[in-house]
Amino acid sequence: MQWYEQVAQILLIGLANGSLIALIALGYTLVYGIIELINFAHGDVFMIGTMLALSLLTAGPGLVGISQPGLLPPVLLAAVLVLTIVACMAACGTLNVVIERVAYRPLRRAPRLAPLISAIGVSFILVNVGLHWKGASPVDFPNLLPSVDIPRDVLHLDTAVRFTTKDLLIIVVSLPLVYGLRLFIFRTRLGRAMRATAQDRDTAALMGIDINATIMLTFLLGGALAGAAGALYGLYNNTAWFFQGFRNGLYAFTAAVMGGIGNVTGAFLGGMIIGLAAAASDFLFDPRWTQAVVFGMLILILIFRPSGLLGEASAEGAR
């Protein structure tokens with residue numbers, strides 16, 4: 001493989017993985033931007049999304065289950081996948097709202113350590129739900145997407161660069177969701193209410209904004225993005241594991257901090273950087289060094305930019 005092909009391969013893999021990380025990171029940054037809480041349970045909400053997608057796709061022919069995906073017409077298969085992703089978004093968004101109502105809202109005026117401990121407790125609860133749901137070992141996720149190499153099989157290029165339909169799916173679904181979230185925050189009345197609540201909760205309440213409803217909406221959006229990421233993760237990696245939320249949630253939280261936690265654009269940028277860094281480390285060095293490379297980059301960035309690449313010293317909301 002020539003050097004320029006290596007660069008292209010790293011960029012393509014990094015873009016796909018970074019898009020997935022960015023989806024999860026947005027949930028962290030939305031919640032922190034509104035109530036300055038690090039929602040440690042968010043990675044496990046993402047895991048629940050994968051488990052739910054797996055259950056829906058293997059539930060049996062009477063529901064959504066697919067026993068022989070190769071026999072389905074492409075249009076029907078695409079419809080099933082879209083419905084599965086939407087169902088995971090709805091379920092995980094609802095789950096996140098319930099978590100906020102039960103575990104976080106009663107502690108909103110408590111010392112800041114109390115909701116943090118509550119978030120860790122919710123994380124352990126969700127991990128055990130996943131453990132009892134699908135067992136302790138990784139389970140196979142149905143391989144529903146044809147692994148077509150687009151450069152060679154579709155474009156008929158003589159190249160060693162590999163970019164499959166799975167990589168394309170991640171990008172095609174993730175980027176519009178990220179862009180749609182940004183449009184929602186900046187172009188809608190509810191989005192303005194979210195930004196106002198993030199800037200000054202008490203003043204926003206005096207201006208007639210329903211703070212509880214706005215915070216609930218924030219958790220709903222963050223959970224929906226985590227659900228979409230969970231379904232995409234299963235389709236992309238063809239595996240599901242009850243502990244997958246730890247590593248992926250840690251990467252996503254790192255992306256949010258790296259970009260400037262509380263900043264939507266920063267979370268996306270952080271996800272892209274981590275995706276590219278991880279792809280470069282896996283490709284050029286050794287996958288065992290990837291975590292060291294990622295967190296080494298985080299340390300270097302925070303040394304020179306303590307608030308992150310696009311963050312500010314004080315939380316002023318999701319921008």
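One can find the structure itself at the top, above this paragraph.
Just so you know, these numbers come straight off a predicted model, no measurement behind them.

Observations concerning helix α4 (residues 113–134)
Here α4 is 22 residues long and its end C-alpha atoms lie 32 Å apart, about the 32 Å a rise of 1.5 Å per residue gives. For α4, the set of buried residues is Pro-115, Ser-118, Ala-119, Val-122, Ser-123, Leu-126, Val-127 and Gly-130. Trailing α4 by a residue or two, Gly-135 shows a phi angle of about 90°, which is positive.

A closer look at the pattern of salt bridges
This model, assessed by the stated rule, comprises 7 salt bridges. With its nearest N and O atoms 2.8 Å apart, the salt bridge here joins Asp-149 to Arg-152. Residue class for Asp-149 comes out buried when judged on its relative accessible area of 2%. The structure contains a network of salt bridges with shared partners spanning Glu-100, Arg-105 and Arg-108.

Comments concerning the environment of Leu-126
Looking at where Leu-126 falls in the secondary structure, it is placed in helix α4. Sequence-wise, Leu-126 and Ile-48 are 78 residues apart; in three dimensions their C-alpha atoms are separated by 7.6 Å.

Thoughts on the packing of helix α1 (residues 3–35) against helix α7 (residues 189–199)
Where α1 meets α7, the closest approach of the two axes is 6 Å, and the angle between their N-to-C directions is 55°. Between α1 and α7, the angle is such that the two are oblique. From α1, Leu-30, Gly-33 and Ile-34 reach across to α7, where they touch Met-194, Thr-197 and Ala-198.

Quick word on the packing of aromatic side chains
Across all of its chains, the model carries 10 aromatic pairs by this definition. Among the aromatic residues, those joined into a ring-pair cluster are Trp-241, Phe-242, Phe-243 and Phe-246.

The rules behind each value
- Residues numbered from 1 in each chain as written.
- Predicted model: local features only at pLDDT ≥ 70, side-chain atom pairs only at ≥ 80, totals over all residues.
- Heavy atoms only, no water.
- Helix = DSSP H or I, 4+ residues; strand = E, 2+ residues; numbered from the N terminus.
- Expected span 1.5 Å × (residues − 1).
- Buried < 20%, exposed > 50% of the residue type's maximum accessible area, 1.4 Å probe, protein only.
- Salt bridge = Lys/Arg side-chain N within 4 Å of Asp/Glu carboxyl O.
- Axes fitted to C-alpha atoms, helices over the stretch in contact; angles between N-to-C directions.
- Parallel < 35°, antiparallel > 145°, perpendicular 65-115°, else oblique.
- Contact = heavy atoms within 4.5 Å.
- Phe/Tyr/Trp six-rings, centres within 6.5 Å; stacked < 30°, edge-to-face > 60°.

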